[in-house]
Protein chains: 2
Amino acid sequence: MSDTAPNDRATRGTGKDRAAKDGTPNLPPTSWAVLGLLSFGEELSGYDLKKWADWSLKFFYWSPSYSQIYGELKRLERLGFATSRVELTESTRGKRVYAITEEGMAAVSRWAREAPVEPPVLKHGVMLRTWLGHLMEPARLREILEQHGDYAEKMSRRAAGDAGGAAEVAEWAYPELVLRWSQRYYEAERELTRQMLADLDELAAESAKH
Amino acid sequence: MSDTAPNDRATRGTGKDRAAKDGTPNLPPTSWAVLGLLSFGEELSGYDLKKWADWSLKFFYWSPSYSQIYGELKRLERLGFATSRVELTESTRGKRVYAITEEGMAAVSRWAREAPVEPPVLKHGVMLRTWLGHLMEPARLREILEQHGDYAEKMSRRAAGDAGGAAEVAEWAYPELVLRWSQRYYEAERELTRQMLADLDELAAESAKH
DNA sequence: CTCCAGTATTCCGGTTCGAAATATTCCTAA
DNA sequence: TTAGGAATATTTCGAACCGGAATACTGGAG
């Protein structure tokens, strides 16, 4: 334990994206996500990437800000994982489009295969507020949970819709799978919320009984 | 739309934790979480708070870093939402313990009741890698998912255990409810993972059929 | 008596986020 | 027909977030 921890610093890029022994630098997951987006082979601008992410990654990963995307693209290019050129279609102002390189492809692949399996990050504001239930009237808490349930239902339906869209393209078999997973995930979230409301009823009945 | 957005800046503390009309400043959720921890009435040090959070908030919200906790405590004190004193138990070096004030209590309560209901944040690295399934061998993806399933199972069991602990204290009725929710959440996560493995099988069968 | 684990807090640098600022083109409805 | 809004495209900024190292003291085990 104490022989692996101390020099951990050396593998995490304190300075400039240090590469590990196998040549894959230790980038934050966000970088891999952007590179992953590019790994489907199309040339995309930062703007495109953002929409693309909002369309599919949003359900289970994140909805990146432009600042992040553009920043990552610059880093990926610096590392040789992507190349860019300015595209000047007739009349429209130029935009910079990025494409993944072979090294980039090798690096994401290695990351996908070899990165340690990490627990998902969940920040559930609604549950935090439920946890603080003693600070509000039960009726208000109920409202909040109902609103959350509606949200979950909406997301489930959207994921289902987007999964349908992905089904049309053979290359999107895995994205489709994950969108179906997302659909079920939000369905489960809804069910969990219902269950919480039921538990709340029970708690109220309990304390009414004195 | 254009009459509410522009001065949005004024309500988000660009500078120094500006208070809204009702006197509740617009703090990041992290602050409310720390104040929420204190709202159960005990005097706690930053160190205590960290352990407390790791014990219960971890499952559905977050596991804060010390730097965050200590920083938030200072801010809360500055805002008058908490007070602190140095406790000098015999022989042991002093530690600073914090207690919530009445204004603090009023502020968290208002936040819990009135803050807009926001969607949970999920960053699911395993699903991101599944989404990139075309970059690795199906067998490897399967391994990753199985490992994740084990993690979900472990978390479910832990949440169940902690919920049992919370059941012994009457004041922890809501935390207990949320821990039960967590238990089911991780159970669902496990089931979702199983389902994903099944879908993967199907996909393999499909493409084998050519 | 030394070393290790636990308590307690601070410091640092990189990551992440959200929204504003900027600028250009395209569409559309008064 | 022209003002204006929507979409495209990118940059900038400040704050929030995160993890780990650094520091320092104390108590117990061998």
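What counts and what doesn't
Residues numbered from 1 in each chain as written. Chains lettered and ligands numbered in written order. Predicted model: local features only at pLDDT ≥ 70, side-chain atom pairs only at ≥ 80, totals over all residues. Pairing = 2+ DSSP bridges. Helix = DSSP H or I, 4+ residues; strand = E, 2+ residues; numbered from the N terminus. Contact = placed C-beta atoms within 7 Å. Axes fitted to C-alpha atoms, helices over the stretch in contact; angles between N-to-C directions. Parallel < 35°, antiparallel > 145°, perpendicular 65-115°, else oblique. Left-handed = near helix turned anticlockwise from the far one by under 90°. Nonpolar A, V, L, I, M, F, W, Y, C, P; charged D, E, K, R; others polar. Expected span 1.5 Å × (residues − 1). Buried ≥ 20, exposed ≤ 12 C-beta atoms within 10 Å, placed from the backbone.

As named in an unreviewed UniProt entry, chain A is PadR family transcriptional regulator, taken from Actinomadura napierensis.

A. Highlighting the sheet that holds strand β1 (residues 44-45) of chain B. All names here are of chain B. Taken in spatial order, the three strands line up as β1-β3-β2 in an open sheet, and their pairing is antiparallel. Only two strands of the sheet have a single partner each, and these edge strands are β1 and β2 (82-87). Relative to strand β3 (residues 95-100), β2 runs antiparallel, the two sharing six bridges. Bridged to V86 within β3 is R96. Helix α2 (residues 29-38) contacts β1, β2 and β3 of the sheet and is inclined by roughly 90 degrees relative to β3. Across the face of the sheet, helix α4 (residues 66-78) comes into contact with β2 and β3 while running at roughly 115 degrees to β2.

B. Seen up close, the pairing of β3 of chain B. Bridging between β1 of chain B and β3 of chain B involves two bridges; their strand directions are antiparallel. Following the sheet pairing, S45 of chain B is matched in β3 of chain B by V97 of chain B.

C. Structural view of the packing of helix α2 (residues 29-38) of chain A against helix α5 (residues 102-114) of chain A. All names here are of chain A. Axis separation between α2 and α5 bottoms out at 10 Å; the angle between their running directions is 120 degrees. It follows from the interaxial angle that α2 and α5 lie oblique. In this structure, the crossing between α2 and α5 has a hand that is left-handed. For the pair formed by α2 and α5, the contact residues are W32, L35 and G36 on the first element and G104, V108 and W111 on the second. By residue class, the composition of the contact of α2 with α5 is four nonpolar, two polar and no charged.

D. Region of interest: the interface of chain A and chain B. Every contact between the two is made by 51 residues of chain A and, on the other side, 51 residues of chain B. Listing elements by their share of the side of chain A that touches chain B, those giving two or more residues are α2, α5, β4 (121-123), α6 (125-131), α7 (138-166) and α8 (173-208) of chain A. Tallying contributions element by element places α8 of chain A first for the side of chain A that touches chain B, with 15 residues. In the sheet, β4 of chain A pairs with strand β4 (residues 121-123) of chain B via three bridges, with the strands oriented antiparallel. Along β4 of chain B, the bridge assignment pairs K123 of chain A with V121 of chain B.

E. A look at α7 of chain A. All names here are of chain A. The terminal C-alpha atoms of α7, which comprises 29 residues, lie 42 Å apart, in line with the 42 Å expected from a rise of 1.5 Å per residue. For α7, the full list of buried residues reads L141, I144, L145, H148, A152, M155, S156, A159, D162, A163 and A166. Packing partners of the buried residues in α7 comprise α3 (46-56), α6 and α8.

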